[in-house]
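Examination of the molecular architecture
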Amino acid sequence: MIVWVCTGCGRGAFPRRLLCPDCGGGEWTEAESEGVVEEVTVLRRGPGRTYEPAPSIGSVRLDLGPLVVARLEAGTAPGDRIRLRLDGGAPTMLGGDA
Amino acid sequence: MIAGIAETPYFRLGEGPPALELLADAARGALADAGLAPRDVDGLAVASFSLAPDRAIDVAWRLGLRLRWLSDEATGGASALNMLQHALRAVEAGDAKVVLLLAGDSFTDFSPIAESLNSAMRDHLTPIPHGGPNALFALLTQRHMAAHGLAREDYGRVVCAQHAAAGRELSLEEYLAAPMVVDPLTRYDCVPIRSGACAVVVAEGEVRIRSIGARFNLDQQEGDGLRTGLGEIPLDFRPAEVDVAEIYDDYPAMVLVQLEELGFGAPRELAERIAGGRLRVNTAGGQLANGQAGIAGGMHGLVEAVRQLRGGARTALVTGYGMIVYRHGAIANAAVLERS
């Protein structure tokens, strides 16, 4: 998936920031990044509803730095290396091996 | 510097009066409690998610208050202490003498807030879908469990103790048997949303604020969420002297996270001390047992701390936590209160 990279110091960010938290710069480029799954949960119920099928949601540490919340494929486990894309704004796991 | 408090009854979604009426009820209650009249008030701070299109100045007008200090607050579960800190400084500086703090909400449907609290949530979490903050705190709770070797029983001890404090028995077996909402959180870990309001009068009075402070955007939302910033605030207290701790409890993991940051000990030992009554935390059951009356959930602990000080406690610790900007709360604050 696309993340934002500060042209001043190379720091990655997602979601997009206005100023770089590290160097204060305001110029960004886009770069593709894979990541590693850190935690996985399954959303079974919400207020007044159940989710069927229940989506898997995880924290994914991207190689370029940011920790994002992503839609995962069922069966994904912590430690798995995955590729993602943005689907309607949602970081979403791509099938197949990274 | 606290002279009056009030808390309205809580209502289920769609059953309560409008936010403006709840805030007015709480305002009347706190002023009566302080022995003051509306004409004595010269400062007002208001926090609400459900007051739109009205704002703090509309509340002032509807309550007939002529003011020289006004604050329109938007810091979620940290609102009560953020308002308290600012009001305290305003009174100390002479900008106001009697400041009324109001926090309250009335909801018919919470999902617009759960889905669009801010643009990052609306654009990048709701399309997953994420079902509101529960999934985020499920991930955080997993990190907490892994970092400290905790089990669901450890959180259950906190939840059951708070239910007991609210006068409702919940056994650890019932807690563990509840259906999963988002692993590892069950419905007992996820506060039900309610409508309700709280009010506090900041003026010369029976309660003194010994110490207060806050931290904002500690980790850029890129850390593990197991540090809120409370540990960095130079608060003037020792854990051993705290008679009651009113800790912001949107999820049980956050109770243990904050207490550890404040120097009370390691999570498993904390859960045991809370269950055994050796550490008095969230003495009226908090949000985990009573529900979260929107933004009033963040003032409940402050109101309860004052009740406890009136009832014999000498030193009370109160925390606030809130505003999930992407993955966890970005604001944390705390105050140490004592009898004057």
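Residues numbered from 1 in each chain as written. Chains lettered and ligands numbered in written order. Predicted model: local features only at pLDDT ≥ 70, side-chain atom pairs only at ≥ 80, totals over all residues. Heavy atoms only, no water.

Details of the overall build of chain A
For chain A, the count of helices and strands is zero helices and 11 strands. Scanning chain A from its N terminus toward the C terminus, one meets helices and strands in the order β-β-β-β-β-β-β-β-β-β-β. A burial count over chain A gives 45% of its 98 residues as buried. Residue pairs in contact within chain A that sit at least 24 positions apart in sequence constitute 39% of those at least 6 positions apart. (Helix = DSSP H or I, 4+ residues; strand = E, 2+ residues; numbered from the N terminus. Buried < 20%, exposed > 50% of the residue type's maximum accessible area, 1.4 Å probe, protein only. Contact = heavy atoms within 4.5 Å.)

Considering the pairing of strand β8 (residues 207-216) of chain B
Residue and element names in this part refer to chain B. Across the 10 residues that make up β8, a large majority, seven, are buried. In this structure, β8 lies alongside strand β11 (residues 329-339), joined through nine bridges in antiparallel fashion. By the bridge assignment, Arg208 is partnered in β11 with Glu338. (Pairing = 2+ DSSP bridges.)

Quick word on the layout of surface pockets
Residues and elements named next belong to chain B. Within this model, the second largest pocket holds a volume of roughly 290 Å³. Along the walls of the second largest pocket sit 18 residues, with Ser48, Phe49, Arg55, Glu73 and Ala74 positioned nearest its centre. Broken down by secondary-structure element, the contributors of at least two residues to the lining of the second largest pocket are β3 (69-73) and α4 (111-116). Among the elements that line the lining of the second largest pocket, the one with the most residues is α4, at three residues. Looking at side-chain class alone, the lining of the second largest pocket contains 11 nonpolar, three polar and four charged residues. (1 Å grid on protein atoms, 1.4 Å probe; cavity = no way out; pocket = protein on both sides within 12 Å on 5 of 7 lines; lining within 4 Å. Points joined across faces, edges and corners; volume = space filled by probe spheres on them. Nonpolar A, V, L, I, M, F, W, Y, C, P; charged D, E, K, R; others polar.)

A word on the packing of aromatic side chains
As enumerated under the stated definition, the model contains six aromatic pairs over all chains in all. Each ring, one from B:Phe107 and one from B:Phe110, has its centre 5.1 Å from the other, and the planes form 75°; the classification is edge-to-face. The pair B:Phe107 / B:Phe110 is uniform in exposure class, with both members buried. For the ring pair B:Phe137 and B:Tyr321, a centre distance of 6.4 Å and an interplane angle of 85° mean the geometry is edge-to-face. On the criterion of sequence distance, the pair formed by B:Phe137 in helix α6 (residues 134-148) and B:Tyr321 in strand β10 (residues 315-324) is long-range, its members being 184 residues apart. Grouping residues by exposure puts B:Phe137 and B:Tyr321 together as buried. The ring of A:Trp4 carries A:Arg16 above its face, with NZ or CZ at 4.4 Å from the centroid. Directly above the aromatic system of A:Tyr51 lies the positively charged group of A:Arg49, at a separation of 3.8 Å from the ring centroid. (Phe/Tyr/Trp six-rings, centres within 6.5 Å; stacked < 30°, edge-to-face > 60°. Lys NZ or Arg CZ within 6 Å of the ring centre and 35° of its normal.)

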